[in-house]
Amino acid sequence: MSVLVRFLGAAGTVTGSKYLVEHDGHSLMVDCGLFQGYKQLRLRNRDPLPILPNKLGALILTHAHLDHSGYLPLLAKEGFHSKVWCTPATRDLAQILLPDSGHLQEEDAAFANRKGFSKHAPALPLYTEEDALRSLKLLRTVPLHQPFEPLPGWQASFTGAGHILGAASLLLEVGGKRLLFSGDLGRPDDLLMLPPEPPPAADAVFIESTYGDREHPQEDVLAELGPALQRAAARGGTAVVPVFAVGRAQEILHAIVQLKARDALPRHLPVYLDSPMAIHSTGLFARHLGEHRLDAAECRAMEHSAEMAMSVEQSKAIAMNHGPKVILAASGMATGGRVLHHLARYLSDHRNMVVLTGYQAPGTRGASLAGHALTLRLHGQDLPVRAEIVQLASASAHADASQLMAWLRALPAAPHRVFVVHGDMEASDALRHRVEAELGWPALVPEHGSTWRV
């Protein structure tokens, strides 16, 4: 019996990670992500899967980011009731991210209905906060390096991937085959996270390629962020920093602590963290000491580096500070959340600044800003972009092309095939070419919906 893998997401695109693995009448899914970015991609979130959710035997999450976990509440809502395997930190983060995702979807739908700018009447969320809370009951945790059996006769184990708290690569052994899913790989020199661990031997490797065609700059985030924020503060402006609530928010906070300690930023410069999800995620670092680079004192300093805006009232009150300030708010690609209200307030003033802190998927507002758009559509209106736009090249949580190649070179033996996934087509194909040219291994970029025998 062969092993079949169906690519239901992150194939030719950087979002919606879902891989359906089938063998001998049984199946499980590796990752369960939402599609984000272009509308035609987001519409896939409403497409039925090629398997009934109640026929799916298990689910394994490599990490908690929504493009890897955010479809779970909808899957559970539609009848999935089996176990979801993940690391303990991934569970802790999912308990924050998934209900927040449902809540934001409800808020966005309600706002669209009030303002009348949705093409659907009424606008409906994919799932609700309550749907997300119910889906969390399915989570089962297993630490790194401990073998587990997601289905009878199927063996699995996690190794550290860096990237964010709890992120792991997955080795799945079934039908005499070893399948290695990289998940999202972090950087060896990340400011917060430990380097990815060397990969185990595998017959087939599924490697992410977010930065498959690019190299990160030599300078670190402090060298980029400090002068930018100093520049905005000097002209009395507000720096709006769209952040990913898990990972980038904490890296920027930690960087600001260091910059102020070095007097590279005014120590009195107000900093706000306007994201309940990011606030809760920041607190998790102290609970998972040893899984990242920070010690207990550095975790405390990070938690006290900003004024935390939990409530809507606290978020609105930030605007009452008319002097220079820094506002960190989710989401990191400006696809939703409180950052949209700050962009609407500050985007049209040349004194202000928007600092983009990570990868901006095509079709997102963040990608529009990175592409020097003259206007940005927010809440049904096109607003002029007059603020300075800064994109940090050094703040990515993903390995660059050479770091991805180094991870592959660390494999104990050559795999039979490499599947290049989780990247825009140009990035994925560039990495495919390097794998074939430099390593001599068969590699391909699978198409969305395609099926391959391993």
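Residues numbered from 1 in each chain as written. Predicted model: local features only at pLDDT ≥ 70, side-chain atom pairs only at ≥ 80, totals over all residues. Heavy atoms only, no water.

Once that is clear, we can look at the packing of helix α4 (residues 88-115) against helix α8 (residues 276-287). The contact between α4 and α8 brings their axes to 10 Å, and the two run at 175°. It follows that α4 is roughly antiparallel to α8 by the angle criterion. For the pair α4 and α8, contact is made by Asp92, Leu93, Ile96, Leu97 and Asp100 and by Met277, His280, Ser281, Leu284 and Arg287, respectively. Partitioning the contact of α4 with α8 into residue classes produces five nonpolar, two polar and three charged. (Axes fitted to C-alpha atoms, helices over the stretch in contact; angles between N-to-C directions. Helix = DSSP H or I, 4+ residues; strand = E, 2+ residues; numbered from the N terminus. Parallel < 35°, antiparallel > 145°, perpendicular 65-115°, else oblique. Contact = heavy atoms within 4.5 Å. Nonpolar A, V, L, I, M, F, W, Y, C, P; charged D, E, K, R; others polar.)

Below, the discussion takes up the sheet that holds strand β4 (residues 58-60). Strand order in the open sheet formed by seven strands is β6-β5-β4-β3-β2-β1-β21, and the pairing between neighbours is mixed. The two strands at the open ends of the sheet, each matched to only one other strand, are β6 (139-141) and β21 (451-453). Recorded for the sheet is a direction-independent mean angle of 25° between the axes of neighbouring strands. Pairing between strand β2 (residues 19-23) and strand β3 (residues 26-30): five bridges, direction antiparallel. Bridged to tyrosine 19 within β3 is valine 30. Each of β5 (84-86) and β6 is contacted by α4, which is oriented at about 150° to β6, the strand it contacts most. (Pairing = 2+ DSSP bridges.)

Once the charged atoms of two side chains with opposite charge are near each other, the side chains can pair. Evaluation of the coordinates by the stated rule reveals 22 salt bridges. The salt bridge partner of arginine 267 is aspartate 263, with a shortest N-O separation of 2.8 Å. By the burial criterion, arginine 267 is exposed, and aspartate 263 matches it. Aspartate 349 serves as the salt-bridge partner of arginine 351, at 2.7 Å between the closest nitrogen and oxygen. Among the ionic contacts, a cluster of salt bridges with common partners joins Lys77, Glu130, Asp131 and Arg134. (Salt bridge = Lys/Arg side-chain N within 4 Å of Asp/Glu carboxyl O. Buried < 20%, exposed > 50% of the residue type's maximum accessible area, 1.4 Å probe, protein only.)

This next bit is on the packing of helix α13 (residues 401-409) against helix α14 (residues 425-439). Where α13 meets α14, the axes come as close as 11 Å, and the angle between the chain directions of the two elements is 45°. Judged by the inter-axis angle, α13 sits oblique to α14. As α13 runs across α14, the sense of the crossing is right-handed. Residues Ala401, Ser402, Leu404, Met405, Leu408 and Arg409 of α13 pack against Leu431, Arg434, Val435, Glu438 and Leu439 of α14. (Left-handed = near helix turned anticlockwise from the far one by under 90°.)

What follows deals with the nonpolar core. Membership of the largest hydrophobic core comes to 96 residues, with the highest contact counts inside it found for Leu225, Leu328 and Leu408. Those residues in contact with leucine 328, other than ones at most four positions away along the chain, are Val241, Val243, Ala249, Ile252, Leu253, Ile256, Val271, Tyr272, Leu273 and Asp274. (Core = buried A, V, L, I, M, F, W, Y, C linked by side-chain atoms within 4.5 Å.)

Quick look at the environment of histidine 342 now. Tracing the chain through its elements places histidine 342 in helix α11 (residues 339-346). Not counting chain neighbours up to four residues away, the residues in contact with histidine 342 comprise Val240, Asp274, Ser315, Ile318, Ile327, Ala329 and Leu347.

Attention now goes to the side chain of aspartate 184. Summarising the element assignment, aspartate 184 is placed in the loop between β9 (177-181) and β10 (204-208). Arginine 248 provides the closest opposite charge to the buried, unpaired aspartate 184, separated from it by 10 Å. Within the local environment of aspartate 184, its side chain forms a polar contact with the side chain of histidine 63, the two groups lying 3.4 Å apart. For aspartate 184, the side chain forms a polar contact with the side chain of histidine 68, separated by 3.2 Å. Excluding residues that lie within four positions of it along the chain, aspartate 184 makes contacts with His63, His68, Ala161, His163, Glu208, His398 and His422. (Lys, Arg positive; Asp, Glu negative; His and termini not counted. Polar contact = N/O pair within 3.5 Å; in protein donor to acceptor, adjacent residues only side chain to side chain.)

On to the sheet that holds strand β12 (residues 271-274). Remark on secondary structure: sheet strands pair via backbone hydrogen bonds, oriented parallel or antiparallel. Strand order across the open sheet formed by six strands is β13-β12-β14-β11-β15-β18, with parallel pairing between neighbours. Of all the strands in the sheet, the pair left with one neighbour each is β13 (307-308) and β18 (388-391). Bridge count between strand β11 (residues 238-242) and strand β14 (residues 325-329): five bridges; the pairing is parallel. Bridge pairing links proline 242 to alanine 329 in β14. Those strands touched by α11 are β11, β12, β14 and β15 (353-356), and its axis lies near 150° from that of β11.

For an α-helix, 3.6 residues make a turn, and residues three or four places apart therefore share a direction. Compared with an ideal rise of 1.5 Å per residue, which puts 14 residues at 20 Å, helix α6 (residues 221-234) spans 20 Å between its outermost C-alpha atoms and is within 8% of the ideal. The complete set of buried residues in α6 reads Val221, Leu222, Glu224, Leu225, Gly226, Ala228, Leu229, Ala232 and Ala233. Near the N-terminus of α6, the side chain that reaches the backbone nitrogen of leucine 222, with its oxygen 3.2 Å away, is that of aspartate 220. One or two residues past the end of α6 sits glycine 236, with phi positive at roughly 75°. (Expected span 1.5 Å × (residues − 1).)

Empty space among the atoms becomes apparent when a probe as large as a water molecule is rolled across them. Summed over the entire model, instances satisfying the criterion amount to two cavities of 30 Å³ or more. Estimated volume of the largest cavity: approximately 80 Å³. Every residue lining the largest cavity is counted, 14 residues in all, and those nearest its centre are Tyr19, Ser182, Gly183, Phe206 and Val421. The class makeup of the residues in the lining of the largest cavity is five nonpolar, six polar and three charged. In this structure, the second largest cavity spans a volume of roughly 30 Å³. In terms of lining, the second largest cavity is formed by Leu229, Ala232, Ala233, Gly237, Ala239, Leu269, Pro324, Lys325 and Val326. Secondary-structure elements contributing two or more residues to the lining of the second largest cavity are α6 and β14. Of all the elements, α6 adds the most residues to the lining of the second largest cavity, at three residues. Class assignment for the residues of the lining of the second largest cavity results in seven nonpolar, one polar and one charged. (1 Å grid on protein atoms, 1.4 Å probe; cavity = no way out; pocket = protein on both sides within 12 Å on 5 of 7 lines; lining within 4 Å. Points joined across faces, edges and corners; volume = space filled by probe spheres on them.)

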